[in-house]
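Residue-level listing of the chains:
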Amino acid sequence: MLFLCIVAHAAYSLIVIFILFGLIERLGFCAVSVSRWFRARECRDEPGPAKALPVPAPSVCVQLPMFNERAVATRSIAAACSLRWPHEAFEVQVLDDSTEPDVVAMVDAAAASWRARGVRCEVIRRAWRGGYKAGALEHGRKQTSAEFLALFDADFVPNDDFLLRTVPSFFGADGEPLEDLALVQGQWAHLNALDSLLTLSQSLSLDDHHSSQMVWRSAMIGFVNFTGTAGVWRAAAIERAGGWRAASLVEDCELSFRVLFAGYRTAFVEVPVPAELPASLAAYKAQQRRWTFGWAQLIRLHGAQLLFSYRCPVLKKVHLCYHMCLSVQWPLWMAWQLAVPWLAWYKLFFFKTDEPGALAPHTRLWWPRAGADSVHSGGPGRGTA
C-alpha cells in the first residue's frame, strides 16, 4: 500500500505542477494583453514608423502538402494562389502525394488553371512517399530558392492578406532583417466550429492554446512550436537546423526544437487562418493519438538535449521542459483517477472511515503516520488516518 500511495501522490503532485504552469501562462497572457493595450494607446497618440519591407520584396514560396485531398484540394490551391504578394517574388508548390487517379487529375487541373492566370504554381510529385509529409516538404524545399516558405495544410484557407501581415514580422521598422527569427506562426480559426458539440469543444480548446498560451510564450520566452500549418519559415533556418525529418509524428514540433537549439527564436502573430476541425469522433481520436504519440517521440529524441545541453536562462529552460512534456499529463491523470478509489478504500487519501468501505470527508492529504491507530485494519497500513 505504501508503494501505491507514493506513486499516486507523485502523479497528483505532477498534475498540480502542470496546472500551475498552465495558470501562469494564462495569467501571463492577461498581463501581456494589458501591456499591449497601453502600448497601442501610446502609438495612437504618437504614431511610430510602420514596418517596411525591403525593396525588392523577399521571395516567398507557398507549400501545400496533400494526399488524396478530394474534398478540399481545389479550394486549397485557389486560396494559396490568391495570396497577395509581388508576382516576381511569389510561387506555389503543390506537394501532391495522391495515389487516386481522379484526385491527381483534379490537382493538375486546378494548378493549370492558375498557371493560365499567370501564377507560378507547380505540382511536385515523388515516386516514393518516404517520410510522408516531412519527406514531401523536404523534397519541395530543395527545389526552391525562396527566402521564406509559407506552409498550409489542405484544409486551411488563408485570407489573401496573410503574407502581407506575417512576412513583415521578419524585418525591423527600418526594413533590416531580424536574422534570429526563424518562424512566424499564425493563429488557427475554424470554419465549422458550430457544427456540433464536438467541433465546438475543439474550437474552445484550440482558441485557448492560440489566444493565451502562444501569445504568452512568444512574448516571454521567444519560442512557440510550429503547428504544422498556417506559418511562415525562414528557409535558411530550416537548412541550418538540418531540414525536415520524419523522426516523429509531429515533424513540425520536432523541427521547431531543432531550430531553437540552433540559436533561433520563433514568434506568434494573431493572424487567423480558417480551417476545418475533425467532424467525427473517430477522426478526432486519430488526430489526438497522432499528436500525443508524436510528442512522446519528441521527448525521447530531444528531452536530454533540452535538459542537459541547451544553454538558456533557468526559468526559460524550466518552461521549455514543461512545454515539451505537456502530453505526459494525460497518463498522469489516468493513473490518478485509477488510484483514487483504492486510496479512499484503504483510508490513505482525503477520506476517513468508521467502517470498511464507508467514505466520509477528511482533511489529511497524505498517508497515515507510522504507528497510527489501526483498530479496523486487521494489519499494517489499514489504520484510521
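Residues numbered from 1 in each chain as written. Predicted model: local features only at pLDDT ≥ 70, side-chain atom pairs only at ≥ 80, totals over all residues. Heavy atoms only, no water.

Asker: How should I be thinking about the overall build of the protein chain in this particular structure?
Answerer: Assigned secondary structure in the protein chain consists of eleven helices and seven strands. Counting the 385 residues in the protein chain, one finds 47% classified as buried. For the protein chain, the share of sequence-separated contacts (at least 6 apart) that also reach a separation of at least 24 residues comes to 75%. Approximately 19300 Å² of the protein chain is accessible, and the part contributed by carbon and sulfur atoms is 62%. (Helix = DSSP H or I, 4+ residues; strand = E, 2+ residues; numbered from the N terminus. Buried < 20%, exposed > 50% of the residue type's maximum accessible area, 1.4 Å probe, protein only. Contact = heavy atoms within 4.5 Å. Areas by Shrake-Rupley, 256 points an atom, 1.4 Å probe, with all protein chains shown as cover.)

Asker: Please explain the pattern of salt bridges as it appears in this structure.
Answerer: When charged atoms on two side chains of opposite charge get close, those side chains can pair. Taken as a whole and assessed by the stated rule, the structure comprises 19 salt bridges. Measuring nitrogen to oxygen at the nearest pair gives 3.0 Å for the salt bridge that ties Arg125 to Asp108. One end of the pair, Arg125, is in the loop between β3 (121-124) and α4 (132-141); the other, Asp108, is in helix α3 (residues 101-115), with 17 residues separating them in the sequence. A relative accessible area of 33% means that Arg125 is categorised as partly exposed. Across the salt bridge formed by Lys142 and Glu138, the nearest N and O atoms sit 3.8 Å from each other. Beyond isolated ion pairs, a larger network of salt bridges with shared partners links Glu138, Arg141, Lys142 and Glu239. (Salt bridge = Lys/Arg side-chain N within 4 Å of Asp/Glu carboxyl O.)

Asker: Would you mind going over the packing of aromatic side chains with me for this structure?
Answerer: One pair of aromatic rings is described through two measures. These are the centre distance and the angle between the planes. For the structure shown, the criterion picks out 16 aromatic pairs. Residues Phe223 and Phe257 carry aromatic rings whose centres are separated by 4.9 Å and whose planes lie at 55° to one another, so their mutual orientation is tilted. One end of the pair, Phe223, is in the loop between α6 (197-220) and β6 (231-234); the other, Phe257, is in helix α8 (residues 251-261), and 34 residues separate them in sequence. Judged by relative accessible area, which is 0%, Phe223 ranks as buried. Each ring, one from Phe261 and one from Tyr310, has its centre 5.5 Å from the other, and the planes form 50°; the classification is tilted. (Phe/Tyr/Trp six-rings, centres within 6.5 Å; stacked < 30°, edge-to-face > 60°.)

Asker: What's the story with the nonpolar core in this structure? I'm lost.
Answerer: Side chains of a nonpolar character, in soluble globular proteins, are inclined to be buried together. In this structure, Val62, Leu64, Ile77, Val92, Phe152 and Leu163 are the most contacted members of the largest nonpolar core, which totals 44 residues. For this core, the elements supplying multiple residues, two or more each, are β1 (60-66), α2 (73-81), β2 (90-96), α3, β4 (148-151), α5 (162-166), β5 (181-190) and β7 (265-275). Contacts of Leu64, omitting those with residues within four sequence positions, involve Ser76, Ile77, Ala80, Val92, Gln93, Val94, Leu95 and Phe152. Formed by 22 residues, the second largest nonpolar core is a distinct cluster that contains Ile124, Leu151, Trp233 and Trp244. (Core = buried A, V, L, I, M, F, W, Y, C linked by side-chain atoms within 4.5 Å.)

Asker: Quick question: what am I supposed to make of unusual backbone geometry here?
Answerer: If a residue is not glycine, its phi is most likely negative; likewise, a peptide bond is most likely trans. With an omega of 0°, the peptide bond between Val55 and Pro56 qualifies as cis. Summarising the element assignment, Pro56 is placed in the loop between α1 (2-45) and β1. At Tyr132, a residue that is not glycine, the phi angle is positive and equals roughly 50°. With respect to the secondary-structure elements, Tyr132 resides in helix α4. Look at Tyr132 and you get exposed, because its relative accessible area is 54%.

Asker: Can you help me understand α8 in this one?
Answerer: In an α-helix, one turn spans 3.6 residues; hence positions three or four apart end up facing the same way. Burial of α8 is extensive: eleven of the eleven residues sit out of reach of the surface. Where α8 is concerned, the buried positions are Glu251, Asp252, Cys253, Glu254, Leu255, Ser256, Phe257, Arg258, Val259, Leu260 and Phe261.

Asker: Can you walk me through the sheet that holds β7 in this structure?
Answerer: Either a parallel or an antiparallel arrangement is found when strands of a sheet pair, and the pairing is made through backbone hydrogen bonds. Spatially, β3-β2-β1-β4-β6-β5-β7 is the arrangement adopted by the seven strands of the open sheet, whose pairing is mixed. What marks the edges here is a single partner per strand, and that holds for β3 and β7. Ignoring which end each strand starts from, the neighbouring axes of this sheet average 20° apart. As paired strands, β5 and β6 are joined by three bridges and run antiparallel to one another. Paired with Gln185 across the bridge in β6 is Gly231. Of the strands in this sheet, β5 and β7 touch α6, which is tilted by about 155° from β5. (Pairing = 2+ DSSP bridges. Axes fitted to C-alpha atoms, helices over the stretch in contact; angles between N-to-C directions.)

Asker: So what exactly am I meant to see when it comes to a nonpolar patch on the surface here?
Answerer: A cluster of nonpolar side chains, Val16, Leu20, Leu23 and Leu27, forms an exposed patch at the surface whose accessible area comes to about 340 Å². Along the chain, the position of Leu23 falls in helix α1. Owing to a relative accessible area of 45%, Leu23 belongs among the partly exposed residues under this scheme. (Patch = residues over 30% accessible without salt bridge, like charges linked within 9 Å, V, L, I, M, F, W, Y side chains within 5 Å.)

Asker: Sorry if this is basic, but what is going on with the packing of α2 against α3 here?
Answerer: When two helices pack together, their arrangement is given by the angle between the helix axes and the distance between those axes. In the contact formed by α2 and α3, the axes pass within 9 Å of each other and the chain directions differ by 25°. For the element pair α2 / α3, the angle class is roughly parallel. The chirality of how α2 crosses α3 is right-handed. On α3, the residues touching Ala73, Thr74, Ile77, Ala78 and Cys81 of α2 are Met106, Val107, Ala110, Ala111 and Trp114. Its residues placed into classes, the contact of α2 with α3 shows nine nonpolar, one polar and no charged. (Parallel < 35°, antiparallel > 145°, perpendicular 65-115°, else oblique. Left-handed = near helix turned anticlockwise from the far one by under 90°. Nonpolar A, V, L, I, M, F, W, Y, C, P; charged D, E, K, R; others polar.)

Asker: Just to check I follow, could you spell out the confidence of the model for the protein chain for this structure?
Answerer: For any part of a model where pLDDT is low, the fine detail of the predicted coordinates should not be relied upon. When pLDDT is averaged along the protein chain, the result is 87, and 87% of the positions lie at 70 or above. Predicted confidence is poor over residues 357-385, with pLDDT under 50, and the contacts of this stretch with residues over four places away or in other chains come to 55 contacts. (pLDDT = per-residue confidence, 0-100.)

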